[in-house]
Amino acid sequence: MTAKQRTVTAWTATLLAATLLLTTPGIANTETPDDPDRVGGELLERSAEPSPENEQLQQLLGEAGGVSGAVRSIVDDDLLTEQERTELRIFHGLFDELTDENRQTPAALLAQYDLDHEHLNAADTPALIRAEAAVLRGDMQQAVELLTDRDEPRAKLLLGLAHEGLGQFDEAVEALTPLRAALRADELTSAEDITAAAEAMARLAVLEGRPAADYHFIMNTLDRVTQQVDRLHWPAIVAQAQLMLDKDNPQEAVGAIQQALTLNPNSSEAWYLLGRVSIMGFNFDGLAEVVTQLRTIQEDHVLADVLEIESYLAQRDPHAAQEVLDAALERWPNHRHLLASAAAVAALHYDEAATEQALARYAEAAGDDPLAYFITGKYLSLARQYEDGTAMLLQAVERQPNWPAPRIELGLLLSQDGREAEALKVLLRVTELDPFNKRANNTVTLLENMTGYEQLETDHFIILYKAGIDAALAHDMPGPLEDIYRDVTDVFQHHPERKTLIEILPDRRSFAVRITGMPGIWTVGACTGPVIAITPPREGRNQYGPFDWERVIRHEYTHTVNLSQTGNRVPHWFTEAAAVAQEIGPRDYQTAQLLATSLADDELFNLQEINWAFVRPKRPQDRQLAYAQSHWMYQYITERFGHETILKMMQLSQAGTAPDRVVPEATGESADDFLQAFFAWAHDEVTAWGLAPEPSIEQIIIKVQGSPDGPEKAMAALLEEHPDHPELLKLHAEKMLAAGDDQQAQQALQQYAAARPIDPWADRQLAEIALRMDQKADAVAHIKTLDLLDQDRGVHAVRLMQLYRDLDELDNAQHAAHRALYRQPYDPSLREAAATIAMQRQDYETALQHLRALTWIEDDRALHHTRLAALLSRMERSAEAHEAAERARELDPTAPVDRFLHDEQPEAPAVQ
């Protein structure tokens, strides 16, 4: 048995102090991974995929609490003395197996994070344990005094970390350098000493700007600890997990943490790192479970406080963060991470004076240590406060130029702000410092690729896309984008100063990297303020498939405008409500049913709950309900108080009004009075939708089943008694449809549609009947309603296009074709149909748009290039026609393009 296993006090400070001083970067600005944008309430549930590490985390949480058989067999070894068994139980976190007396020993108190217990500051407690507890509390000067002139590797490591926590970087290097030398000289033999030296080497790599040079050596050294020296030495595994997180590799980190927890199920360090993974992935449910685990170890666990505060900061809830922070600082007034978080909390309160005061307080404790600037800058960036976030992160970089973390956050911030060239420059420096950082490498690769993207510019937008097939979508966008600009800016009476960057990323992986720096989180559209990124709505591997890109961008551009006019301070629920309100199309039936059921069950949110249902949902339907209710309240405010109240709410947001105070101040009503009036209005809405019928369907069933006249006569009697009852009318309509009597069914369906106008079922049936009866104009009205609800493939728009062509309404047919192409811009048959209609309308510019799109979508088909050459020649654009003809001849030597190669005037091209 090793000396480490006999004394085991505490490697604890080693990793943890490093963890607190080396905060893992969080995810950059997004409409967060757990907060994916949606389209009309539906895309939300289909767009976000769980990251592998979050799936691992959930599995790990489900299995938490067990200890490996190898640990069990060693602890239960009959050859051990009772003292040896106690030391092993402490080291492996088997606290429930300790006697009350043993749980009060300094080593056990330290392992349980009872850091302010009097025994951990008593004069007769070993100096090393006292020093470790001091480091974990943040009492760095006390640790320095206790550790000076001690030679143990762990003491040297703790001394270096204490100096670093005081901002004394030269002294930290001086303390840690001997450990690196001893490790390279292979002078250390125990698992504890080798692990301490490896961690010292990791800290030196950051302090001296050489994380890349030593990374593999450190990882291999820690591997050697568990494979050759002591296979149960879990601190080495946790140290590896920390290094993996430093490289933004959470998936492998979770695997290491899982292994460590089988060797010590109560390792505070392991659970803390797992909490960091949760925050990185915006897995707040997982984070809550981690916090519970930590508070089971120690009720007032400082690491639980740290994680809870950062969780609230990540969710942009500085009020909740402040509550936890105030109590934590009262107990741990010198804790570096808490002091740093105080500046971030003040900054998210938009309190400049309090922020400066918090930074000054941190400087008193930590000198030039950059942690406070880094954490503040990171969460300002997440809140899209790009200017202030940049200033903070630049300060962090200046104070510790060799630390990659603030540079990574700065690079991602600049990228989110649409300053890609600056972002690339910053992140290239990160890859020089640390070529193993996944987030930096992913983003650099993408940004370098994007430097070669094609660009289209309109009056108010810049469209970036990868040359090739996505040119088809990009060239569809200018007209609709300017329409969106006019519509949205007119509604909100605000015009962003900068042109908005629209980025078409070629696949889901590129999109995820563009938004988060990592490939595992994905939606179809995201707004970071001046940048809107989307994936292409096309089929194929690593693609999402068809969706309504115009609706997505209309939603996202509303965010752009609202964020611009409020200085990025608009409450989450309010900007989502505004964005949904600007989407084209009615509320879908499923959303109406969700609202009606939630209202009836008294499950709608209040003004505080709704802002966090997006990112802290308690039930599977909560996020979708939050979108739907937000839009409903927006509609109510507009109808009752007028649109000027919406604009006033934007003004209040810009002034920094607390999110739960915006509505009361804008409407002049208390939150409770507002909600009560809203609920009353909502009940009237549900009744108008036909979703609150009297008697209820349950009562109808009881009456029918209990009738002596049989179900048919009972139903007929009920319908006569309640002629406007939607459920009864639908049953009657279904009966008429089954009987095959179109005229009777049509009348019954129209009655049902009047009683329950929200249900598209009636429109579907009425459209089919109208078509059977050759009433095409009537069919059009119903299919138009269905088309507005269709966010996927545009099948109803295609039917409209065909019907309008049959009716010789070519302008309407062209509009319907473009509506279909919003969903399926890469469909060749739709492009050909749209081009044909444009030719019939003699709209050659529109026909040219679609023929060019065909050459991008199916570049290897000579026919498309031949048709393009013919149209260009007809438009007297002979040079372009010649180029298209050459491409056709290159693909097919028999292509009929001689006349275009010789500049002959052709007949109008036949596009069928």
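Source: prediction; values computed, not measured.

Caption draft 1: Representation of the overall build of the protein. Of regular secondary structure, the protein possesses 51 helices and five strands. Over its C-alpha trace the protein gives a radius of gyration of 33 Å, about what one expects of a compact globule, namely 29 Å for 912 residues. Along the first, second and third principal axes, the C-alpha set of the protein runs to 95 × 85 × 55 Å. Within the span of the protein, comprising 912 residues, buried residues form 62% of the whole. Counting only contacts in the protein whose residues sit at least 6 apart along the sequence, the fraction spanning at least 24 positions is 65%. Carbon together with sulfur atoms contributes 46% to the accessible area of the protein, which is approximately 34900 Å² in total. A distance of 3 Å separates the average location of the 79 positive side-chain charges in the protein from that of its 147 negative side-chain charges.

Caption draft 2: Region of the structure containing the pairing of strand E3 (residues 500-504). Burial analysis of E3 places five of its five residues in the buried class, which makes it a mostly covered element. Residue alternation in E3 divides its side chains into two sets, Thr500, Ile502 and Ile504 and Leu501 and Glu503, and both sets are buried. As defined by bridge partners, strand E2 (residues 461-465) adjoins E3 across five bridges and the pair is classed as parallel. In the sheet register, Ile463 faces E3, and the bridge partner there is Ile502. As paired elements, E3 and strand E5 (residues 531-534) share four bridges and run parallel to each other. Considered in E5, the bridge of Ile504 is made with Ile534.

Caption draft 3: Geometry of the packing of helix H33 (residues 589-600) against helix H35 (residues 622-641). Put simply, H33 and H35 touch, their axes get as near as 10 Å, and they point 90° apart. On the basis of the axis angle, H33 is roughly perpendicular to H35. On H35, the residues that touch Thr591, Leu594, Leu595, Ser598 and Leu599 of H33 are Gln624, Leu625, Ala628, Gln629 and Trp632. In the contact of H33 with H35, the residues fall into six nonpolar, four polar and no charged.

Caption draft 4: Broad picture of the environment of Ser829. Residue position: Ser829 is located in helix H47 (residues 828-840). The exposure class assigned to Ser829 is partly exposed, which follows from its relative accessible area of 46%. Spatially, the C-alpha atoms of Ser829 and Leu854 are 9.3 Å apart, while their sequence positions differ by 25 residues. At 2.5 Å, the side chain of Ser829 and the side chain of Asp827 are in polar contact.

Caption draft 5: Main features of the pattern of salt bridges. On inspection of all chains with the given rule, the structure shows 59 salt bridges. Arg439 is the partner of Glu409 in a salt bridge, and the nearest nitrogen-oxygen pair spans 2.9 Å. Note that Glu409 is positioned in helix H25 (residues 404-416) and Arg439 in helix H27 (residues 438-450), a separation of 30 residues in sequence. Take Glu409: its relative accessible area is 1%, and that puts it in the buried class.

Caption draft 6: Inspection of the confidence of the model for the protein at higher detail. Of the residues in the protein, 91% reach a pLDDT of 70 or more, and the chain-wide mean stands at 89. Across the protein, the secondary-structure element scoring lowest on mean pLDDT is helix H2 (residues 12-21), at 28, and the one scoring highest is helix H29 (residues 478-492), at 98. The model gives residues 1-50 a pLDDT under 50, and that stretch makes 216 contacts with residues more than four places away or in other chains.

Caption draft 7: Representation of the sheet that holds E5. Read across the sheet, five strands follow the order E1-E2-E3-E5-E4 without closing on themselves; strand pairing throughout is mixed. The open sheet terminates on both sides in strands that have one partner only, identified here as strand E1 (454-457) and strand E4 (525-527). For this sheet, the mean inter-axis angle between neighbouring strands, taken without regard to orientation, is 15°. Relative to E5, E4 runs antiparallel, the two being bridged by three bridges. Residue Gly525 lies in a different strand from E5, and its bridge partner there is Ile534.

Caption draft 8: Expanded view of the packing of aromatic side chains. Scanning the model with the defined rule gives 23 aromatic pairs in all. Where Trp632 meets Trp689, the ring centres are 5.3 Å apart and the plane angle is 20°; that geometry is what we call stacked. Of this pair, Trp632 sits in helix H35 while Trp689 sits in helix H38 (residues 671-689); the two residues are 57 residues apart in sequence, bridging distant segments of the chain. Here the aromatic rings of Tyr752 and Trp761 are separated by 5.7 Å at their centres, their planes lie at 75°, and the arrangement is edge-to-face. Over the ring of Tyr826 we find Arg538; its NZ or CZ atom is 5.4 Å from the centre of that ring. Sitting over the face of the ring of Tyr350, Arg569 holds its NZ or CZ atom 3.9 Å from the ring centroid.

Caption draft 9: Fine view of the packing of helix H44 (residues 776-789) against helix H45 (residues 795-806). Their axes nearest at 9 Å, the elements H44 and H45 cross at an angle of 155°. In this view, H44 runs roughly antiparallel relative to H45, as classed from their interaxial angle. Crossing angle aside, the handedness with which H44 passes H45 is left-handed. The segment H44 lies against H45, with Lys776, Ala779, Val780, Ile783, Lys784, Leu786 and Asp787 engaging His796, Ala797, Arg799, Leu800, Leu803, Tyr804 and Asp806. Within the contact of H44 with H45, the residues separate by chemical class into eight nonpolar, one polar and five charged.

Caption draft 10: Spotlight on helix H13 (residues 191-207). Between its first and last C-alpha, H13 extends 24 Å over 17 residues, near the 24 Å set by a 1.5 Å rise per residue. At the exit of H13 stands Gly209, carrying a positive phi of roughly 75°.

Caption draft 11: How the structure looks around the nonpolar core. In this structure, Met477, Trp573, Trp632, Met649 and Phe674 are the most contacted members of the largest nonpolar core, which totals 246 residues. A total of 11 residues in this core trace back to one element, the largest contributor, which is H13. Ignoring any residue separated from it by four or fewer positions in sequence, one finds Phe674 in contact with Leu607, Met633, Tyr636, Ile637, Phe641, Val663, Thr667 and Glu669.

Caption draft 12: View of the layout of surface pockets. What the largest pocket holds in volume is close to 900 Å³. Around the largest pocket, the lining is made up of 39 residues, and of these Arg316, Asp317, Asn611, Trp612 and Pro659 lie nearest the centre. Among the elements of the structure, helix H20 (318-331), helix H32 (572-582), helix H34 (609-613) and helix H37 (659-667) are those that each provide at least two residues to the lining of the largest pocket. Class assignment for the residues of the lining of the largest pocket results in 15 nonpolar, 11 polar and 13 charged.

Caption draft 13: Representation of H33 in the model. Relative to the 16 Å expected for 12 residues at 1.5 Å per residue, H33 spans 16 Å between its end C-alpha atoms, a close match to the ideal helical length. Taken residue by residue, H33 has Tyr589, Thr591, Ala592, Leu594, Leu595, Ala596, Ser598 and Leu599 as its buried positions. Summarising the contacts, the buried residues of H33 are in contact with H35, H38 and helix H42 (742-755). At the N-terminal end of H33, a side-chain oxygen is found 3.2 Å from the backbone nitrogen of Gln590, two or three residues along, and the residue is Asp588. One or two positions beyond H33, positive phi appears at Asp602, with a value near 55°.

Caption draft 14: Quick peek at the pairing of E2. Of all the five residues making up E2, five are buried; the element is thus mostly covered by neighbouring parts of the structure. Of the two faces of E2, the one lined by Phe461, Ile463 and Tyr465 and the one lined by Ile462 and Leu464 are each fully buried. Strand direction decides the pairing type here: E1 and E2, joined by four bridges, are antiparallel. The partner of Glu454 across the bridge, within E2, is Tyr465. Hairpin connection between E1 and E2: a loop of three residues separates the two successive antiparallel strands.

Caption draft 15: Broad picture of the environment of Ala770. By secondary structure assignment, the location of Ala770 is in helix H43 (residues 761-772). C-alpha separation for the pair Ala770 and Tyr544, spaced 226 residues apart in sequence, amounts to 35 Å. Excluding its chain neighbours within four sequence positions, the residues that come into contact with Ala770 are Gln775, Lys776, Asp778 and Ala779.

Criteria and cut-off values
- Residues numbered from 1 in each chain as written.
- Predicted model: local features only at pLDDT ≥ 70, side-chain atom pairs only at ≥ 80, totals over all residues.
- Heavy atoms only, no water.
- Helix = DSSP H or I, 4+ residues; strand = E, 2+ residues; numbered from the N terminus.
- Rg over C-alpha atoms; globule rule 2.2 N^0.38 Å.
- Buried < 20%, exposed > 50% of the residue type's maximum accessible area, 1.4 Å probe, protein only.
- Contact = heavy atoms within 4.5 Å.
- Areas by Shrake-Rupley, 256 points an atom, 1.4 Å probe, with all protein chains shown as cover.
- Lys, Arg positive; Asp, Glu negative; His and termini not counted.
- Charge placed at Lys NZ, Arg CZ, Asp CG, Glu CD.
- Pairing = 2+ DSSP bridges.
- Axes fitted to C-alpha atoms, helices over the stretch in contact; angles between N-to-C directions.
- Parallel < 35°, antiparallel > 145°, perpendicular 65-115°, else oblique.
- Nonpolar A, V, L, I, M, F, W, Y, C, P; charged D, E, K, R; others polar.
- Polar contact = N/O pair within 3.5 Å; in protein donor to acceptor, adjacent residues only side chain to side chain.
- Salt bridge = Lys/Arg side-chain N within 4 Å of Asp/Glu carboxyl O.
- pLDDT = per-residue confidence, 0-100.
- Phe/Tyr/Trp six-rings, centres within 6.5 Å; stacked < 30°, edge-to-face > 60°.
- Lys NZ or Arg CZ within 6 Å of the ring centre and 35° of its normal.
- Left-handed = near helix turned anticlockwise from the far one by under 90°.
- Expected span 1.5 Å × (residues − 1).
- Core = buried A, V, L, I, M, F, W, Y, C linked by side-chain atoms within 4.5 Å.
- 1 Å grid on protein atoms, 1.4 Å probe; cavity = no way out; pocket = protein on both sides within 12 Å on 5 of 7 lines; lining within 4 Å.
- Points joined across faces, edges and corners; volume = space filled by probe spheres on them.

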